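# Descriptive analysis of the structure
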Amino acid sequence: MRRSIPTLSVLFVLVLGCDGGDPDDDAGRPSDTGPRPVRDAGPNDGGTEPDAADLDGGGAAVDAAQADAGAIPTTLVAHVTPGSAATGTERVSFGLPLARGALSDATQVVVSHGGTELAASRRGLATWPDGSLRSVQIQVDLTAAETDLDVAVGSAPSAGDLTEVPVADTLDGDEPRMWVTLPATWLAASGFAGPIVPDTEIAGTPLAAWDSVCDHDRYDTDAFLADSASRGVWLYDRVTVMLRGYGRSGTLSPLRSAYREATLYREGLTGSGASTRIGVPGANDDLKYHYVQGLAMHYLLTGDDRFREAAEDVAARAASLWPSPGYAGGADFWTERHAGFGLLAYVWVAMVSDDEAATYVALADDAVTAYLDVQATYPAGYDDEDARCFAHHADAHGESYGYFGCSPWMSAILADAMHAYAELRGGANATRAHTSVIRLGRMLARDGRDGAGKPFYFMGVGTTDDEVDGFDEHWGETAYVIAMAWHLDGRRNASLRAAADELITGLATNGTAPHTRSFNWQCRSAVATPWFLR
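Below is a short write-up of the structure. (Residues numbered from 1 in each chain as written. Predicted model: local features only at pLDDT ≥ 70, side-chain atom pairs only at ≥ 80, totals over all residues. Heavy atoms only, no water.)

### Examining helix 6 (residues 238-249)
Since the α-helix packs 3.6 residues into each turn, any two residues three or four apart lie on the same face. Let me state the cut-off plainly: Starting at the N terminus, helices and strands are each numbered in turn, a helix being any DSSP run of H or I of at least four residues and a strand any DSSP run of E of at least two. Multiply 1.5 Å by the residue count of a helix minus one, and that product is the helix's expected span. When accessible area is computed with a 1.4 Å probe and restricted to protein chains, residues below 20% of their type maximum are described as buried, those above 50% as exposed, and intermediate ones as partly exposed.
The terminal C-alpha atoms of helix 6, which comprises 12 residues, lie 16 Å apart, in line with the 16 Å expected from a rise of 1.5 Å per residue. Most of helix 6 sits inside the fold, with 11 of its 12 residues counted as buried. Restricting attention to buried positions, one finds in helix 6 the residues R238, V239, T240, V241, M242, L243, R244, G245, Y246, G247 and R248. Where helix 6 terminates, the next one or two residues include G250, which has phi positive at roughly 70°.

Encoded structure:
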């Protein structure tokens with residue numbers, strides 16, 4: 001049940017955003033000056049959830065929702081749209097993302113047009129932990145016209161092979177000469193963008209609340225470029241944001257933005273390995289602008305090896321910027337956002353790397369071990385083992401709050417990374433990551449909201465203090481963490497489910513995305529919430 005929380009007064013003062021006072025972040029947040037009772041550090045209330053030890057070890061709880069959807073699909077219709085430069089016969093090149101276990105032999109894909117099988121080039125791009133393919137690059141030749149292709153997975157081709165050409169040869173500048181869009185049902189089932197649900201499956205339900213803030217057309221690449229000289233609009237990995245929008249809708253607009261911005265990000269890189277430097281203005285030494293996830297997802301959708309190599313370079317640089325992922329207490333720098341993007345870099349490059357996966361799996365293991373230590377240790381004297389966030393002192397953020405706590409909204413990025421890590425590693429590693437998210441979700445559901453039900457901007461731990469959020473731009477992230485915890489905890493804890501539903505209602509009623517940066521953070525991780533609740 002919710003702890004009793006009196007109404008808090010809000011003093012609007014200008015404060016620098018979390019993560020060391022980056023002026024591009026959430027400046028202008030209010031500071032809470034009103035006290036409330038110290039939270040109990042007693043056992044988790046709810047009564048129906050199993051202990052962490054009851055969790056299965058191989059991610060079966062996560063896979064259950066996919067299994068409920070039925071057998072893995074084997075056929076789809078891919079829509080082809082010619083770009084303005086397309087003429088005559090064009091080489092069509094695209095990546096076909098695949099669900100875990102769908103295909104192990106890249107040659108077993110048949111592409112047909114108008115009932116006639118086409119000669120094709122096929123190449124496996126990366127593998128799931130079970131050895132099945134994450135994606136297959138397909139190339140065929142077509143006349144430049146809008147049309148459809150029929151694709152059958154697991155069927156033996158008979159029309160012959162084409163010689164693969166570099167993806168760069170199929171582009172007009174930074175865009176394909178021939179665009180290919182796949183059905184949202186296929187994209188979501190493939191898991192290429194993580195756990196997402198097609199928009200059509202939740203339309204008209206409370207789970208469609210993100211439609212009110214995730215306008216991918218309003219905040220497309222043109223909108224981004226208008227402000228791109230300011231590093232703030234680069235935050236939260238816009239390529240991932242756009243590709244998750246594409247995965248949910250299957251429409252060309254977010255895919256086009258993702259393609260353009262993945263190219264922009266890659267072309268801004270200089271150097272290689274740990275000497276890589278990014279093109280984000282003034283952010284070469286700032287981990288939270290080093291994005292691997294979007295580059296890896298782009299690779300899975302295109303087969304363009306340049307983006308796999310770029311992902312490896314950015315991951316190497318991220319590792320050099322985050323050499324000690326633990327927290328030593330006090331002002332030792334640590335935030336959930338940096339921790340999350342560091343782990344996302346390691347996990348996603350391990351998914352797609354052709355020669356460095358083992359290195360990044362080891363880095364991911366070390367990072368998770370360090371994060372779990374943070375979660376179990378701080379603050380001194382807080383002894384609730386069932387409900388814990390990743391508490392650290394506000395000084396570690398460069399903030400002046402003066403107490404230990406955690407960021408409910410930044411926790412979404414770390415939960416996103418933990419979930420991806422569990423899927424990659426399985427077994428005991430998955431269990432400890434799942435357990436961590438469950439404990440995080442329990443605490444946010446119990447203690448992470450003000451008297452009106454809105455998530456705190458910074459939630460105190462073992463103190464009477466919190467920082468109230470004067471804006472309505474962080475409802476979804478807390479809902480996402482709690483929804484994930486509910487799902488991983490056996491989908492039985494009524495208090496977790498109720499908290500997630502209340503936050504989604506708050507998002508639908510009050511949520512707003514008044515600028516590009518707000519759109520970015522609200523639409524990268526939290527849009528996966530429906531997958532955990534449906």
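### Some details on the state of the cysteines
What we call a disulfide is simply a covalent bond connecting the sulfur atoms of a pair of cysteines. Under the convention used in this document: Throughout, a disulfide means two cysteine sulfur atoms within 2.5 Å of one another.
For the structure shown, the criterion picks out two disulfides. Here C214 engages in a disulfide with C523; their sulfurs sit 2.1 Å apart. Its S-S torsion of about -105° marks the bond between C214 and C523 as left-handed, since a negative value means left-handed. Of this pair, C214 sits in the loop between helix 4 (199-202) and helix 5 (221-226) while C523 sits in the loop between helix 16 (516-522) and helix 17 (529-533), and the two are 309 residues apart along the sequence. Classification of C214 as buried rests on a relative accessible area of 10%. C523 gets classed as buried once you look at its relative accessible area, which sits at 1%. Each sulfur of the disulfide joining C389 and C406 lies 2.3 Å from the other. Of note, the bridge from C389 to C406 carries an S-S torsion of about -100° and is left-handed in sense.

### Considering the pattern of salt bridges
As a reminder of what qualifies: By salt bridge we mean one thing: a side-chain nitrogen of Lys or Arg within 4 Å of a carboxyl oxygen of Asp or Glu.
For the structure on display, the rule yields 28 salt bridges. Note that R308 is salt-bridged to D305, the shortest N-O span being 3.6 Å. With R308 and D305 both in helix 9 (residues 305-321) and three residues apart, the pair spans about one turn of that helix. Residue classification places R308 among the buried positions, given a relative accessible area of 11%. Close ionic contact of D365 with R425 constitutes a salt bridge, the shortest N to O distance being 3.0 Å. Separated by 60 residues along the polypeptide, D365 in helix 11 (residues 357-377) and R425 in helix 12 (residues 411-425) bring together distant segments of the chain. Connected through salt bridges with shared partners, the residues R123, E164, D305, R308, E309 and D354 form a single ionic network.

### Topic: unusual backbone geometry
Between Y378 and the following residue, P379, the backbone shows a cis peptide bond with an omega angle of -10°. Inspection of the secondary structure assignment puts P379 in the loop between helix 11 and strand 13 (392-393). A positive phi angle is found at Y236, which is not glycine, with a value near 80°. Overall, Y236 belongs to the buried group, its relative accessible area being 0%. Despite not being glycine, D237 has its phi angle at roughly 65°, a positive value. Note that D237 resides in the loop between helix 5 and helix 6.

### As for the sheet that holds strand 8 (residues 133-143)
The following threshold applies: Being paired, for any two strands, means DSSP has found at least two bridges between them. Note on geometry: axes are lines fitted to C-alpha atoms, helical ones only across the stretch in contact, with angles between N-to-C directions running from 0 to 180 degrees.
One open sheet accounts for three strands, arranged 4-8-7; its pairing is antiparallel. Only two strands of the sheet have a single partner each, and these edge strands are strand 4 (89-97) and strand 7 (121-127). This sheet shows a mean twist of 20° between the axes of neighbouring strands, independent of strand direction. Relative to strand 8, strand 4 runs antiparallel, the two being bridged by nine bridges. Bridging from a neighbouring strand, V92 pairs with V140 of strand 8.

### Comments concerning the packing of aromatic side chains
To be explicit about the condition: Each pair of aromatic rings taken from Phe, Tyr and Trp, with Trp reduced to its six-membered ring, is defined by centres within 6.5 Å and is described as stacked if the planes are under 30 degrees apart, edge-to-face if over 60, and tilted in the remaining cases. By definition here, charges over rings are those cases where NZ of Lys or CZ of Arg is within 6 Å of the ring centre and within 35 degrees of the ring normal.
All told, the structure shown has 19 aromatic pairs when counted by the stated rule. With 5.9 Å between their ring centres and 75° between their planes, W334 and Y371 make a pair best called edge-to-face. Highlighted residues: W334 in the loop between helix 9 and helix 10 (336-352) and Y371 in helix 11, separated in sequence by 37 residues. Overall, the relative accessible area of 0% leaves W334 in the buried class. Members of the aromatic cluster, connected to one another through ring pairs, are Y236, W409, Y457 and W521. The ring of W486 carries the charged tip of R497 above its face, separated from the ring centre by 4.9 Å.

### Thoughts on the environment of Y360
Quick reminder of the rule: Note on definitions: a residue-residue contact is assigned when non-hydrogen atoms from the two residues lie within 4.5 Å.
Tracing the sequence through the fold places Y360 in helix 11. Other than its neighbours up to four places away in sequence, Y360 contacts E312, A315, A316, Y346, V349 and A350.

### So, the nonpolar core
For clarity, the threshold we go by: We define the nonpolar core as a collection of buried residues of types Ala, Val, Leu, Ile, Met, Phe, Trp, Tyr and Cys that are connected through side-chain atoms lying within 4.5 Å of one another.
Within the largest apolar cluster, 170 residues are counted, with the highest numbers of intra-cluster contacts made by L96, L182, L343, Y371 and M418. Apart from residues lying up to four places away in sequence, Y371 is in contact with W322, P325, W334, A339, L343, F390, L414 and M418.

### Some remarks on the sheet that holds strand 13
Spatial strand order, 13-14-15-16: four strands in an open sheet with antiparallel pairing. Each edge of the open sheet carries a strand with a single partner, namely strand 13 and strand 16 (466-467). By the bridge criterion, two bridges tie strand 15 (residues 458-460) to strand 16 in an arrangement that is antiparallel. Among the inter-strand pairings, F458 is bridged to a residue of strand 16, identified as E467.

### Overview of the packing of helix 11 against helix 13 (residues 427-447)
Applied cut-off: Here is the rule for handedness: rotate from the far helix to the near one, and if that takes an anticlockwise turn smaller than a right angle the crossing is left-handed, while a clockwise turn gives right-handed. We call Asp, Glu, Lys and Arg charged. Ala, Val, Leu, Ile, Met, Phe, Trp, Tyr, Cys and Pro are nonpolar, and the rest, Gly among them, are polar.
Where helix 11 contacts helix 13, the axes come no closer than 11 Å and their chain directions differ by 35°. Note on packing geometry: the crossing formed by helix 11 with helix 13 is left-handed. Residues D365, V368, T369, L372 and Q375 of helix 11 touch helix 13, and the partners they reach there are N429, R432, S436, R439 and L440. For the contact of helix 11 with helix 13, a count of residues per class yields three nonpolar, four polar and three charged.

### With respect to empty space enclosed by the protein
Formally: Two kinds of site are reported from a 1 Å grid over the protein atoms alone, namely cavities, where a 1.4 Å probe fits but cannot get out, and pockets, open sets with protein on both sides within 12 Å along at least five of seven lines, and residues are called lining when an atom falls within 4 Å of a point. Grid points are joined across faces, edges and corners, and a volume is the space filled by probe spheres set on the points.
A full pass over the atoms with the stated rule returns eight cavities of 30 Å³ or more. Quantified by volume, the largest cavity comes out at close to 160 Å³. Along the walls of the largest cavity sit 16 residues, with S93, F94, V180, Y259 and L301 positioned nearest its centre. Secondary-structure elements contributing two or more residues to the lining of the largest cavity are strand 4, strand 12 (178-181), helix 7 (252-267) and helix 8 (293-302). Residues belonging to the lining of the largest cavity are distributed by class as follows: 12 nonpolar, four polar and no charged.

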